[in-house]
Amino acid sequence: MKKIIVIGNGMVGYKFCEKLVAKAVKGSYHMTVFGEESRPAYDRVHLTSYINGTSAAELTLASEAWYESHGIDLHLGDPARKIDRTAKTVVTEKGLELTYDILVMATGSAAMVPPIHGVEKTGVFVYRTIDDLDKIVGYAAGVKKAAVLGGGLLGLEAAKAMVDIGIEKTYVIEFAPKLMPRQLDDTGGAVLRSKLSALGLRVHTRKHTYQVLGKDRITGIQFVDESELSVDMLVISTGINARDELARDAGLPTGTRGGIVVDDTMRTEDPAIYAIGECAAHGGMIYGLVAPGYDMAEVAVTHIIMHHLDGEKKQRLFTGFDMSTKLKLIGVDVASFGDPFLTADKAQHVIYEDKVNGIYKRLNISLDGKYLLGGVMVGEASQYNNLLQYYKNNMLLPNALESLVFSEQKGDKPAGMGLEGLPDGALICSCEGVTKADICQAVNDGHESVDEIKKCTKAGTGCGGCVPMLKDLAAITLKAQGKAIHMEICEHFTYTRQQLYDLIKLEHLRAYDEVLEKHGKGDGCEVCKPVVSSLIASISNEMILRQNNDTAQDSNDRFLANIQKGGSYSVVPRIPGGEITPDKLLTIGTVAKKYNLYTKITGGQRIDMFGAHLSDLPLIWKELIDAGFESGHAYGKSLRTVKSCVGSTWCRFGLHDSVSFAIKIENRYKGLRTPHKIKSAVSGCIRECAEAQSKDFGIIATEKGWNLYVCGNGGSKPQHALLLAQDLDSDTCIRYIDRFLMYYIKTADPLTRTATWLNKLEGGIDYLRKVVVEDCLGKGLEWEAEMQAILEHYECEWKAAIEDPVIRKRFSHFVNAPEERDPTIEFVAMRDQKRVAEWQ
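All values reported here derive from a predicted model rather than from experimental measurement. (Residues numbered from 1 in each chain as written. Predicted model: local features only at pLDDT ≥ 70, side-chain atom pairs only at ≥ 80, totals over all residues. Heavy atoms only, no water.)

Chemist: Sorry if this is basic, but what is going on with the pairing of strand β16 (residues 233-236) here?
Modeler: When a strand is regular, its side chains alternate between the sheet's two faces. Burial along β16 is two-sided: Met233 and Val235 and Leu234 and Ile236, pointing in opposite directions, are all buried. Across three bridges, strand β9 (residues 124-126) lies against β16 in parallel orientation. Looking at the pairing, Val126 lines up with Ile236 of β16. Pairing of strand β10 (residues 145-149) with β16 involves four bridges; the strand directions are parallel. Paired with Val148 across the bridge in β16 is Val235. (Buried < 20%, exposed > 50% of the residue type's maximum accessible area, 1.4 Å probe, protein only. Helix = DSSP H or I, 4+ residues; strand = E, 2+ residues; numbered from the N terminus. Pairing = 2+ DSSP bridges.)

Put into structure tokens, the structure is as follows:
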């Protein structure tokens, strides 16, 4: 068994392990990995999401258990300190000394810190690791002005992090005349600067930083032109330096700009040592993106295995990597591919510039007009994936070049090309090197969903930009197999939920039996009944137990209460915004004592009462409604609560009155029936005491208004909400929530939370933002009017139930003895209250 030591446990080091495990014959190699950080490899591409609440565990690429399960010895927090090439040994900081047959250097890179006086002062940071972010966040409390040194990819990512932290003023300092000088031409850089400035970033270009001001702690920075900028914090993100010091000490050649020199097989001068990722210099170039690092890992693994099996014949080589990239910088689409700088003597240009909306696109076309050679996109880049395929596959361009420039409309495809037209070798996932043929083969092998394709091929697991193409390729492949893609609700309704919604709305259907008779067949089932009932309730907002719809409801909806363990029910009155008067508190206490109910304050800032008998429910609710309470809809697929902090009324950090806004929001959407339950929260400042970013829609106060986040949830698969729009006034915020909820109600599958709905939505948050904020479908006003009409029909379901003798009859355990309670329900004492007795 060959002994392989991997020095470095970053993304590329982990990828090497993963690929070797997948490709090597089991038992032929034993791997030992040394990592400098105390945590296993994590996703640095999405490092900024850590600021927004993504945990370190969620960013982790593989747990320590994964390494153990594959027989890999993982040593974290123990970096290698010496390589003895003669003895083939590695010595670590903790004193371990191990021998190797093959050594793989994956030491990555470090943040490049320019020679600036005073960078050692308190308040100066680099932006590279989770530990760096922890330090930045820890220092940022109280910081009002921060500067980011570097206007490239990394610098603008760091600037986004400063905005997400909530720093009032963030400056971007760039030495070059424009932002992203390696990716954008002059016009593209200017448009990006204009867009970012409009979003609140202060951009300074042509600035050569001289020193950090302040005694021990930063108070500002001074430039070579002697101008100064007052800031409380500085984050340096000006590029990377290859971590090649260990290799240099071992006598391995390094490049003139650093990096361990490797050949096309990723082997160094020493045939037993390979280098991959940002520590490697191939052809004099150090690649600072993860995708080429992954390709290097693939080449190294292939060479190691093939070299030992078949000598030098079956080699896969690394011959360079396309550095095309697309990303979103603080909400602004930016893309660059091929050669974006070709001049008029080498290419023709197709240029589109919309100064009103800040959109710039430039395509560089071959002089004969047949091929795409490169391009730049700022402000709108929905065509990037298609254009990249034209460029990478050297495909003939269509005659209508304008179809390449203008954004794709729903249902349209660029002239002359679809995914069907791509060659089998077209690279769909650059991060993992997965081709169209790989994906189609996976679908043919039975991996038909996007999740299955991702697990099988790894496509879409890097930057995620190709995920929409995976979905389309799956559909195309299944269609080619003659398979129909069915989205019907069940065997009784050959319609999708969205189609049924339209039919019920257009034909004013109000009862499940009506819908079944007109558009279904058979007797219905437990799948379609709740779905149709929910649609009727969403459209009409009528009391759900009327129109003979009671038997079609879910169990909890049938009794307007959640059935609890042991057969008793819970009572949950609405407490908008978590605000409650002493008199109402006394009412809850009185009712709870009278009916012997267990009481508990919930995470949604209301008081649950458990242990109610079915026959007591109308009596309990009568007393609550008389005291001014309403149903809290804890049993329904509808708005549950709108949590809030105390806001500016009581908190000295509060920017706005979050309680009043939460009450307004909760009273507006109470009773609204949706595909699944929805929760909301309003925080009065960025400290986020109401946890708004874990809700289906959450609102956070800013200096200029409200930021609106959507599609978060807790539960078994927590997901952080994403920023939909920022600095909104209250009315606009509500209008966007109206549109967001109506779009969700109309298009989500049954029992789909907003987070899952967004995950399935092609184009994700970007497309949702276009629909809600930019109103790209032209439905905004219509949806706002629909929402208003629905909300105007609100009535408290429990008030309606106790006032209607027919409905009230439902709440009895024995038909012939409605006053009798269920004798099988037993309770026992617990901490001065009660709980359900355990089943024997």
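There's plenty left to go through after this.
Chemist: What exactly am I supposed to notice about the nonpolar core here?
Modeler: Soluble globular proteins tend to pack their nonpolar side chains together in the buried interior. Membership of the largest hydrophobic core comes to 61 residues, with the highest contact counts inside it found for Tyr669, Phe697, Leu708 and Leu768. If one sorts the elements of this core by residue count, helix α21 (residues 730-747) sits on top with ten residues. In this structure, Ile4, Val90, Ala247 and Ile273 belong to the second largest nonpolar core, which totals 58 residues. (Core = buried A, V, L, I, M, F, W, Y, C linked by side-chain atoms within 4.5 Å.)

Chemist: What is the right way to look at the state of the cysteines in this model?
Modeler: Two cysteines whose sulfur atoms are joined by a covalent bond form what is called a disulfide. Within this structure, the stated rule accounts for zero disulfides. Free cysteine: Cys279, not disulfide-bonded; nearest cysteine sulfur from Cys17 at 14 Å. A residue is classified by how much of its surface remains accessible, and Cys279, at 0% relative accessible area, is buried. Not part of a disulfide, Cys711 finds its nearest cysteine sulfur in Cys733, a span of 14 Å. (Disulfide = S-S within 2.5 Å.)

Chemist: Help me out: how do you make sense of helix α18 (residues 582-594) in this one?
Modeler: Turn by turn, an α-helix covers 3.6 residues, leaving residues three or four places apart pointing in a common direction. Here α18 spans 18 Å end to end across 13 residues, near enough to the 18 Å set by a 1.5 Å rise per residue. Along α18, the positions that sit buried rather than exposed are Thr587, Ile588, Val591 and Ala592. The buried residues of α18 all sit within an arc of 125° when viewed along its axis, so they share a single face. Opposite the packed face of α18, turned more than 90 degrees from it, sit the exposed residues Pro582, Asp583, Leu586, Lys593 and Lys594. One or two positions beyond α18, positive phi appears at Asn596, with a value near 55°. (Expected span 1.5 Å × (residues − 1). Arc of directions from axis to C-beta.)

Chemist: Would you take a moment to explain the pairing of strand β11 (residues 169-173) for this structure?
Modeler: Of all the five residues making up β11, four are buried; the element is thus mostly covered by neighbouring parts of the structure. As paired elements, β10 and β11 share five bridges and run parallel to each other. If you follow Lys145 over to β11, its bridge partner there is Lys169. For the handedness criterion, the β-α-β arrangement of β10, helix α5 (residues 153-165) and β11 is classed as right-handed. Once you follow β11 into helix α6 (residues 186-198) and on to strand β12 (residues 202-204), the crossover reads as right-handed. (Right-handed = clockwise from strand over helix to strand, strands pointing away.)

Chemist: Looking at this structure, how should I read the packing of helix α11 (residues 436-444) against helix α12 (residues 450-457)?
Modeler: Each packed pair of helices is defined by two parameters, the angle between the axes and the distance between the axes. At a closest axis distance of 10 Å, the pairing of α11 and α12 adopts a crossing angle of 115°. Crossing of α11 over α12 shows right-handed handedness. Along the contact surface, α11 presents Asp438, Ile439, Ala442 and Val443, while α12 presents Ile453, Cys456 and Thr457. When the residues that make up the contact of α11 with α12 are grouped by side-chain class, the tally is five nonpolar, one polar and one charged. (Axes fitted to C-alpha atoms, helices over the stretch in contact; angles between N-to-C directions. Left-handed = near helix turned anticlockwise from the far one by under 90°. Contact = heavy atoms within 4.5 Å. Nonpolar A, V, L, I, M, F, W, Y, C, P; charged D, E, K, R; others polar.)

Chemist: Before we go on, may I ask you to explain the sheet that holds strand β6 (residues 97-99) in this structure?
Modeler: Each strand in a sheet pairs with another by means of backbone hydrogen bonds, the pair being arranged parallel or else antiparallel. Read from one edge to the other, the open sheet built from three strands follows the order β4-β5-β6, with strand pairing classed as antiparallel. At either end of the open sheet lies a strand with only one pairing partner, and these are β4 (80-84) and β6. On average, adjacent strands in this sheet sit at an angle of 20° to one another, irrespective of strand direction. With three bridges connecting them, strand β5 (residues 89-92) and β6 associate as antiparallel partners. Each residue of the ladder has a partner; that of Val91, found in β6, is Glu97.

Chemist: Just to check I follow, could you spell out the packing of aromatic side chains for this structure?
Modeler: Two aromatic rings, taken as a pair, are described by how far apart their centres are and by the angle between their planes. Under the defined criterion, the tally for this structure stands at 19 aromatic pairs. Each ring, one from Tyr14 and one from Tyr67, has its centre 6.3 Å from the other, and the planes form 70°; the classification is edge-to-face. Of this pair, Tyr14 sits in helix α1 (residues 11-23) while Tyr67 is found in helix α3 (residues 64-69), placing the two residues 53 residues apart along the sequence. Note on accessibility: Tyr14 and Tyr67 belong to one class, buried. (Phe/Tyr/Trp six-rings, centres within 6.5 Å; stacked < 30°, edge-to-face > 60°.)

Chemist: Which parts of the structure should I look at to understand the pattern of salt bridges?
Modeler: Opposite charge on two side chains lets them pair, provided their charged atoms get close. Within this structure, the stated rule accounts for 38 salt bridges. The partner of Glu298 in a salt bridge is Lys19, and the shortest N-O contact between them spans 3.0 Å. Here Glu298, found in helix α8 (residues 290-310), pairs with Lys19, found in helix α1; they are 279 residues apart in sequence, far enough to count as distant. Here the two residues Glu298 and Lys19 agree in accessibility, since each one is buried. (Salt bridge = Lys/Arg side-chain N within 4 Å of Asp/Glu carboxyl O.)

Chemist: Mind showing me how you'd approach the sheet that holds strand β28 (residues 569-571) here?
Modeler: Strand order in this open sheet of three strands is β28-β30-β29, and the pairing throughout is antiparallel. Strands at the two margins of the open sheet, each flanked by one partner only, are β28 and β29 (598-601). Direction aside, the axes of adjacent strands within the sheet are offset by 25° on average. Pairing analysis gives four bridges linking β29 to strand β30 (residues 607-612), with the strands arranged antiparallel. Along β30, the bridge assignment pairs Lys600 with Asp608. Set on the sheet, α18 makes contact with β29 and β30; between it and β30 the angle comes to about 15°. Here helix α19 (residues 617-626) sits on the sheet and contacts β28 and β30; the angle it forms with β28, its principal contact strand, is near 5°.

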